[in-house]
Amino acid sequence: MDIKLVKNFEEGNYIPVNDQLLLQVVDANYRLGRFPGKKIFMLNPLTNERLEILPEIHKYNLANISYAAVPHNHILFTSASSINETQVEISYYRYDVSTGAYHIIHTTVADLTKLGNVLLLKAFVLDENYCIFDEITYSRENLSMGTHKMLLKEIQENKERLLKDSVIATSGIEKLIPLSGNLCIIKLGSPMLEELVFSDTAIQPFKQKEIIGIVNIKQFISELLLNQNNAFLEILDEGSEEITFPYIRQYDNDIVYSKVDVSKKIEEVIIYDYETKVKKVRLNSNITRISDLNHTYILNDTPYIIKNTDKNTRLINLNTQKTDIKLSGDVRIKFIRRDLIVTQHHVKKMFFMRKENYYIEVFRYPDMHHSIFKTRAKYKDCIAFFDDLLIFTN
């Protein structure tokens, strides 16, 4: 895996589109109510060249948009125009990254005062021709249960059908994460906003059943078109009123997710190899706050968690519950991918130094004494970009 430094990092979101381009989304200097405008660029991280997408169209982050595959040739974004003081017409644009062609594929009307509060919009790009658009409405009295208006859109024929009377339509899709080929992780039944599951500090019971599974997107589309009540998915886990899944990630062949029993205050960290079908479970007890959740990393096929204190940074092996790496407190582990560990060393200002310094180093585990990459810069972000590791700095 090659390491590439991307300098002069601009705050925003960076999303891989294909093996050459990233989607860069940053704030613009206009607003729609409380929603800031957005500029969208296609960024080539190898050359640092970028092209703004349709600058003449005002863009806003009004919907959560997910893609069932990477790479993909089209991207979606939302724009809006005011109808009156509170209502807006929201347009979903589809943009071809190869040709620059674009058109509106879906529109809806929403109350701007409710959007992002008791009204959530989502779009799931299933393939080149099919998208799911979901409008989730919550009552102010019961923020843990939402009703879904879910449409399956056929783009080429400009046809749509309302999805109803199925677990997909009643529970809703919370997350869609591409794996390999046509396979995706799918998570049903959880709201998009974390505060609906968590209060300011404490974990709260959740009333809507969650399901984590794997779907073949081509088969998934076919079954939705046939109006089957329950599109096929390989169920990995199911929640309840007391069991919720706060996070889920993918590391190569492994699916890693957190399973929290609210009443028992226990977190199970599940590592599932979707190729071999082998599941491993590790425990984390006495969970009462969001910060107690362990964000698990897979390093050389071994699950690890990071524990930070003022005195040190420790990398704990979940298989043995022992500390495999201990670093000083001024060194933080920022990113882990396969056998690579990215760290930042903060050298504080001393009487003989004019300013504080930051150093980024990359190590190939288990050798933590000789870095394979080092630069003086402040770490901002890191992305596994196909076969490259992109490190963003100021």
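Up top is the structure these notes are about.
In this text, all values refer to a predicted model and were calculated from it rather than measured experimentally.

Q: Could you give me a rundown of the overall build of the chain, with the residues and numbers involved?
A: On a plain count of helices and strands, the chain comes out with two helices and 33 strands. Here the chain, with 394 residues, has 52% of them falling under the buried criterion. For the chain, contacts bridging at least 24 residues in sequence account for 42% of all contacts bridging at least 6. Carbon and sulfur atoms form 45% of the exposed surface of the chain, whose accessible area is close to 19600 Å².

Q: Any details on the packing of aromatic side chains? Residues and values, ideally.
A: Overall, the coordinates contain eight aromatic pairs when judged by the stated rule. Ring geometry for Y93 versus Y102: centroids 6.3 Å apart, planes at 40°, classification tilted. Judged by its relative accessible area of 13%, Y93 falls in the buried class. Where F245 meets Y257, the ring centres are 5.7 Å apart and the plane angle is 75°; that geometry is what we call edge-to-face.

Q: Mind laying out the sheet that holds strand β17 (residues 211-216), listing which residues take part and the relevant values?
A: Ordered in space as β15-β16-β17-β18, the four strands form an open sheet in which the pairing is antiparallel. The open sheet terminates on both sides in strands that have one partner only, identified here as β15 (173-178) and β18 (234-238). Each adjacent strand pair in this sheet contributes to an overall mean axis angle of 20°, direction not counted. Two elements, strand β16 (residues 183-188) and β17, share six bridges in a ladder whose sense is antiparallel.

Q: I'd like a description of the nonpolar core, backed by residues and values.
A: Judged by nonpolar contacts, the single largest core of 38 residues is most densely connected at I53, I75 and I90. Only β3 (22-32), β4 (35-44), β8 (74-82), β9 (87-96), β10 (102-111), β11 (119-125) and β12 (130-139) provide two or more residues apiece to this core. Those residues within four positions of I75 in sequence are excluded, and the remaining contacts are V17, L23, I40, M42, I53, Y67, Y93, R94, Y95 and V97.

Q: Explain the sheet that holds strand β32 (residues 379-385) residue by residue, including any values.
A: Judged by pairing direction, the sheet is mixed, and its three strands sit side by side in the order β1-β33-β32 without closing on themselves. Edge positions in the open sheet fall to β1 (2-6) and β32, since each of these has one partner strand only. Recorded for the sheet is a direction-independent mean angle of 20° between the axes of neighbouring strands.

Q: Lay out the pairing of strand β21 (residues 254-261) with the relevant residues and their values.
A: Judged by how many residues are buried, β21 sits mostly within the fold: eight of eight residues are covered. Because side chains alternate across β21, one face comprises the buried residues D254, V256, S258 and V260, and the other comprises I255, Y257, K259 and D261, equally buried. Pairing analysis gives two bridges linking strand β19 (residues 243-244) to β21, with the strands arranged antiparallel. Following the sheet pairing, I243 is matched in β21 by D261. Bridge count for strand β20 (residues 248-251) against β21 is four bridges, and the pairing is antiparallel. For Q250, the partnering residue across the bridge sits in β21 and is I255. Linking β20 to β21, which pair antiparallel, is a turn of two residues; within it D252 sits at a positive phi near 55°. Pairing between β21 and strand β22 (residues 266-273): eight bridges, direction antiparallel. Bridge pairing in β22 links Y257 to I270. The loop that links β21 with its antiparallel partner β22 comprises four residues; one of these, K265, has a positive phi angle of about 60°.

Q: So, the pattern of salt bridges: which residues are in play, and what are the values?
A: Applying the stated rule across the entire model yields 11 salt bridges. For E174, the salt bridge goes to K187, with nearest N and O atoms at 3.8 Å. Taken as a pair, E174 in strand β15 and K187 in strand β16 lie far apart in primary sequence, 13 residues in all. The exposure classification of E174 matches that of K187, with both residues buried. Between K187 and E210 there is a salt bridge, with the nearest N and O atoms lying 3.5 Å from each other. Placement of the pair is K187 in strand β16 and E210 in the loop between β16 and β17, with a sequence separation of 23 residues. The buried category is assigned to K187, whose relative accessible area is 4%.

Q: Explain the environment of L283 to me, and be specific about the residues and the numbers.
A: The residue L283 is located in strand β23 (residues 278-285) in this model. With a relative accessible area of 54%, L283 lands in the exposed category. When the C-alpha atoms of L283 and V269 are compared, they prove to be 6.2 Å apart, with 14 residues separating the residues in sequence. Look past the residues within four positions of L283 in its chain and what remains in contact with it is I266, E267 and E268.

Q: Describe the side chain of T302, and please don't skip the residues or the numbers.
A: Mapped onto the elements of the fold, T302 is located in strand β25 (residues 302-308). Residue T302 is classed as buried on the basis of its relative accessible area of 17%. Apart from residues lying up to four places away in sequence, T302 is in contact with Y297, N317 and N319.

Scoring rules and cut-offs
Residues numbered from 1 in each chain as written. Predicted model: local features only at pLDDT ≥ 70, side-chain atom pairs only at ≥ 80, totals over all residues. Heavy atoms only, no water. Helix = DSSP H or I, 4+ residues; strand = E, 2+ residues; numbered from the N terminus. Buried < 20%, exposed > 50% of the residue type's maximum accessible area, 1.4 Å probe, protein only. Contact = heavy atoms within 4.5 Å. Areas by Shrake-Rupley, 256 points an atom, 1.4 Å probe, with all protein chains shown as cover. Phe/Tyr/Trp six-rings, centres within 6.5 Å; stacked < 30°, edge-to-face > 60°. Pairing = 2+ DSSP bridges. Axes fitted to C-alpha atoms, helices over the stretch in contact; angles between N-to-C directions. Core = buried A, V, L, I, M, F, W, Y, C linked by side-chain atoms within 4.5 Å. Salt bridge = Lys/Arg side-chain N within 4 Å of Asp/Glu carboxyl O.

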